[in-house]
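Here are the chains, one letter per residue:
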Amino acid sequence: MSSPPNEVELEVEIAPVSNHTSTLIFLHGLGDSGHGWSSALERIQPPNMKIVCPNAPSQPVTLNGGFRMPSWFDLKRLDMSGTEDEKSLKVAAKTIHALISKESEKGIPTTRIVLGGFSQGGALALYSGLTYAKPLAGIVALSSWLPLHQKFPAAKLNNNNIPIFQAHGDIDSVVHYKYGQQSANVLQSFMQNVTFKTYHGLSHSGSDAEMNDVRNIFAKWVK
């Protein structure tokens, strides 16, 4: 029996090596699963950090002709025209807010919780982080964009100084590099600590150089 839309299915959890004092919630891209990024993240995991990689529910995606696949929210196009389905995006954001609250209830302060994601997952991480009412350690968005960017800064509920790290390959043919740049420009117009890093020759994927930079970001944010 399939899960209803936007119900988080069983997630992948990677326990910390030492005392659990921080958590990363990392969201996979369209059509992927929590397992897709778990091994790469485990290699850069700070000793005190638990990693949670939830699975998106399977639902129809307009971008792919209505075909059902793991997706956080419905998409018409991958661009900056604001064609994300607002209703399903907001439902997905509430799901992520619940995951943050779950970690907070276990004793991890929200200021030691990092939200991250790749592609559609990075888009949801940005939207969820900015519309969460408590401060976070930071937001990592890889090969991604800011969904419903026209709604910001009015939709923002969080602090202006939450650090945001955006990474994007300059030959990305799925989420085009210019959309990452445009998102960074929008974010920098109302957020104080936005870093946008370009990876030359990188397509719509991760790289060792990018992962090393994310490792350093984690060490800085949750030391």
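Residue positions are counted from 1 within each chain, in the order its sequence is given. Where local features are concerned, this predicted model is filtered to residues with pLDDT of at least 70; where side-chain atom pairs are given and counted, the filter is 80 or more; whole-chain, interface and lining totals use all residues. Processing note: side-chain calculations cover all non-hydrogen atoms of the structure and skip hydrogens and water entirely.

The protein goes by palmitoyl-protein hydrolase in an unreviewed UniProt entry, where it is assigned to Glossina austeni. Recorded under Sequence similarities (unreviewed entry), the UniProt text for the protein is reproduced unchanged: "Belongs to the AB hydrolase superfamily. AB hydrolase 2 family." UniProt positions are given in the numbering used here, feature names are shortened, and annotations may be inferred rather than shown by experiment.

The next thing to look at is empty space enclosed by the protein. Using only the protein atoms, space was sampled on a 1 Å grid; points where a 1.4 Å probe fits but cannot get out form cavities, open sets with protein on both sides within 12 Å along at least five of seven lines form pockets, and lining residues are those with an atom within 4 Å of a point. Grid points are joined across faces, edges and corners, and a volume is the space filled by probe spheres set on the points. In this structure the tally under the stated criterion is one cavity of 30 Å³ or more. Within this model, the largest cavity holds a volume of roughly 30 Å³. Around the largest cavity sit Glu11, Glu13, Val52, Leu99, Lys102 and Glu103, which together line it. Here the residues of the lining of the largest cavity sort into two nonpolar, no polar and four charged. Each residue is assigned to one class: nonpolar for Ala, Val, Leu, Ile, Met, Phe, Trp, Tyr, Cys and Pro, charged for Asp, Glu, Lys and Arg, and polar for all the others, Gly among them.

Note on definitions: salt bridges are taken to be side-chain nitrogens of Lys or Arg within 4 Å of carboxyl oxygens of Asp or Glu. In total, this model carries seven salt bridges according to the counting rule given. Close ionic contact of glutamate 13 with lysine 50 constitutes a salt bridge, the shortest N to O distance being 3.9 Å. Of this pair, glutamate 13 sits in strand β1 (residues 9-14) while lysine 50 sits in strand β3 (residues 49-55), and the two are 37 residues apart along the sequence. Across the salt bridge formed by lysine 90 and glutamate 86, the nearest N and O atoms sit 3.0 Å from each other. Here the residue lysine 90 and the residue glutamate 86 both occupy positions in helix α2 (residues 86-105), the gap between them amounting to four residues, near one helical turn. In this scheme, a residue with accessible area under 20% of its type's maximum is buried, one over 50% is exposed, and one in between is partly exposed, where area comes from a 1.4 Å probe on protein chains only. Overall, lysine 90 belongs to the partly exposed group, its relative accessible area being 40%. Three or more residues are tied together by salt bridges with common partners; here these are Glu13, Lys50, Glu103 and Lys106. Each helix is a run of DSSP H or I of at least 4 residues and each strand a run of E of at least 2, with the numbering of both proceeding from the N terminus.

For the rest of this paragraph, the subject is the environment of methionine 80. Counting through the fold element by element, methionine 80 comes out in the loop between β5 (67-70) and α2. Taking relative accessible area as the criterion, methionine 80 reaches 12% and is therefore assigned buried. Residues methionine 80 and histidine 149, 69 residues apart in the sequence, show an inter-C-alpha distance of 7.8 Å. Residues are treated as being in contact if the distance between any of their heavy atoms lies within 4.5 Å. Apart from residues no more than four positions distant in its own chain, methionine 80 is found in contact with Trp145, Leu146, His149, Gln150, Tyr179, Gln182 and Ser183.

Relative to β5, strand β4 (residues 58-61) runs antiparallel, the two sharing four bridges. Across the sheet, the residue bridging to glutamine 59 is methionine 69, located in β5. Between β4 and β5, which pair antiparallel and follow one another directly, the connecting turn spans five residues, one of which, glycine 65, has a positive phi of 70°. DSSP bridges decide pairing: two strands pair if at least two such bridges lie between them.

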